Amino acid sequence: HLAALSYKELPQFMAELRERDGVAARALEFLILNANRTTEVRKARWCEFDFEKRQWSIPVDAGRLGKTKKPHIVPLSGRSMEILLALSDYRISEYVFPNTRSTNYLSNAGMDSVIKRMRKDRDWSDDFGKKITVHGFRSTMRDFIAEKTDFDRDTAEMILAHTAGNAVERAYRRGDLIEKRRRVMEYYSDYAYGEPEKKVIQLRAHTSN
């Protein structure tokens, strides 16, 4: 239960984050948009991305996916693609977010340091006054989906690369809800960058009669 920023404050946080330069700032922005674990982003390699399909396939290695035992496909929003394309022009490593001093992947403290610097300008805390954490942004997206959309629990859990449903449900479900998740990612990105509140209210999943 790491401290998480309220989704109500996310647009302001993202506006300030976009003003900051550096690989770590872009890594944090990318992580927030995709509700990733820190290690998933830090160790992201260019070979894992399909630019044509706008997808990122995270392999099962070095514990990047927690307890998940199969690769996780992330549908990428327009802003996520913009970040990748901008960084692609200045590749210095196989890693998308490299440590510029060594060309290895970003250090464990990289994104944390961005938040610490941002706290000098504003006391970014959760609803209980605790200092926000990088990992907490996964909860930020999860709360947004639960409170501002009608997308189902399985979609939300699959976005977080959690195991969704019981054993019987998983045995019969073959799909990965990729298009449904893609809609959620775009909606969340629109909200994060300050789209009008009236648009957020309309973020409802389509249901058939």
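Coordinates for the structure precede this section.
So, here's what we can say about the structure. (Residues numbered from 1 in each chain as written. Predicted model: local features only at pLDDT ≥ 70, side-chain atom pairs only at ≥ 80, totals over all residues. Heavy atoms only, no water.)

### With respect to the overall build of the chain
Definition in use: Working definition: helices are DSSP H or I runs of at least four residues, strands are E runs of at least two. Numbering for both runs from the N terminus. Any residue under 20% of the maximum accessible area for its type is buried, any over 50% is exposed, and the rest in between are partly exposed; the area is computed with a 1.4 Å probe on protein chains only. In these tables, accessible area is a Shrake-Rupley quantity obtained with a 1.4 Å probe, and a residue counts as shielded only by the protein chains included in the view.
Each helix and strand in the chain was counted, giving 10 helices and 3 strands. Sequence-ordered secondary structure for the chain, helices as α and strands as β, is α-α-α-β-β-β-α-α-α-α-α-α-α. Here the chain holds 209 residues, and 46% of them are scored as buried. For the chain, the computed accessible surface area is about 11,300 Å², with 48% contributed by carbon and sulfur atoms.

### Considerations on the packing of helix H1 (residues 10–18) against helix H5 (residues 110–118)
Geometry of a packed helix pair, given as the angle between the helix axes and the separation of the axes. The condition is simple: Orientation is described by axes fitted as lines to C-alpha atoms, over the contacting stretch for helices, and by angles from 0 to 180 degrees between their N-to-C directions. Any angle that falls under 35 degrees is termed roughly parallel, while one over 145 is termed roughly antiparallel, one within 65 to 115 roughly perpendicular, and all others oblique. Contacts are residue-level and defined by heavy atoms, with any inter-residue pair within 4.5 Å sufficient. Three residue categories are used. Nonpolar comprises Ala, Val, Leu, Ile, Met, Phe, Trp, Tyr, Cys and Pro, charged comprises Asp, Glu, Lys and Arg, and polar comprises the others, including Gly.
Relative orientation of the contacting elements H1 and H5 amounts to 105°, with a least axis distance of 11 Å. Comparing the axis directions of H1 and H5 gives the class roughly perpendicular. Along the contact surface, H1 presents Phe13, Glu16 and Leu17, while H5 presents Val114, Ile115 and Met118. Partitioned by chemical class, the residues of the contact of H1 with H5 number 5 nonpolar, no polar and 1 charged.

### Remarks on helix H6 (residues 137–148)
Operational definition: One less than the number of residues in a helix, times 1.5 Å, gives the span that helix is expected to have. Arc definition: it is the arc formed by the directions from the helix axis to the C-beta atoms.
Taking 1.5 Å of rise per residue, the 12 residues of H6 would be expected to cover 16 Å, and the 16 Å separating its terminal C-alpha atoms lies within 8% of that figure. Of all the positions in H6, only Phe137, Arg138, Thr140, Met141, Phe144, Ile145 and Lys148 are classed as buried. When H6 is viewed along its axis, its buried side chains cluster within an angular range of 165° and face the same direction.

### A short note on the pattern of salt bridges
Note the cut-off: Between Lys or Arg on one side and Asp or Glu on the other, a salt bridge is scored when a side-chain nitrogen of the former is within 4 Å of a carboxyl oxygen of the latter.
Scanning the model with the defined rule gives 14 salt bridges in all. With a closest N to O distance of 3.3 Å, Glu94 and Arg45 form a salt bridge. Residue Glu94 is located in the loop between helix H4 (78–88) and H5, and its partner Arg45 is located in the loop between helix H3 (38–42) and strand E1 (49–50); the two are separated by 49 residues in the primary sequence. Owing to a relative accessible area of 46%, Glu94 belongs among the partly exposed residues under this scheme.

### Observations regarding the side chain of Arg182
Relative to the helices and strands, Arg182 is located in helix H9 (residues 178–192). When its relative accessible area of 15% is taken as the criterion, Arg182 is described as buried.

### Here we look at the pairing of strand E2 (residues 55–58)
The condition that has to hold: In this analysis, strands are considered paired if DSSP registers two or more bridges between them.
As paired elements, E1 and E2 share 2 bridges and run antiparallel to each other. If you follow Asp50 over to E2, its bridge partner there is Gln55. What sits between the antiparallel neighbours E1 and E2 is a turn of 4 residues, in which Arg54 has the positive phi angle 60°.

### Here we look at the packing of aromatic side chains
Selection criterion: Planes of paired rings set the category: under 30 degrees apart is stacked, over 60 is edge-to-face and the rest tilted, where pairs are Phe, Tyr or Trp rings (Trp by its six-membered ring) whose centres lie within 6.5 Å.
Across all of its chains, the model carries 14 aromatic pairs by this definition. When the centroid spacing of 5.3 Å and the interplanar angle of 80° are considered together, the rings of Tyr95 and Tyr105 count as edge-to-face. Taken together, the residues span a long stretch of sequence, with Tyr95 in the loop between H4 and H5 and Tyr105 in the loop between H4 and H5 at a distance of 10 residues. With relative accessibility at 9%, the residue Tyr95 sits in the buried group. Aromatic rings pair up to connect Phe30, Trp46, Phe49, Phe51, Trp56 and Phe97 into one cluster.

### Details of the packing of helix H2 (residues 23–34) against H5
Here H2 crosses H5 at 95°, and the two axes come no closer than 8 Å. With respect to their mutual orientation, H2 and H5 come out roughly perpendicular. The residues of H5 that touch H2, namely those facing Ala24, Ala25, Ala27, Leu28 and Leu31, are Gly110, Met111, Val114 and Ile115. When the residues that make up the contact of H2 with H5 are grouped by side-chain class, the tally is 8 nonpolar, 1 polar and no charged.

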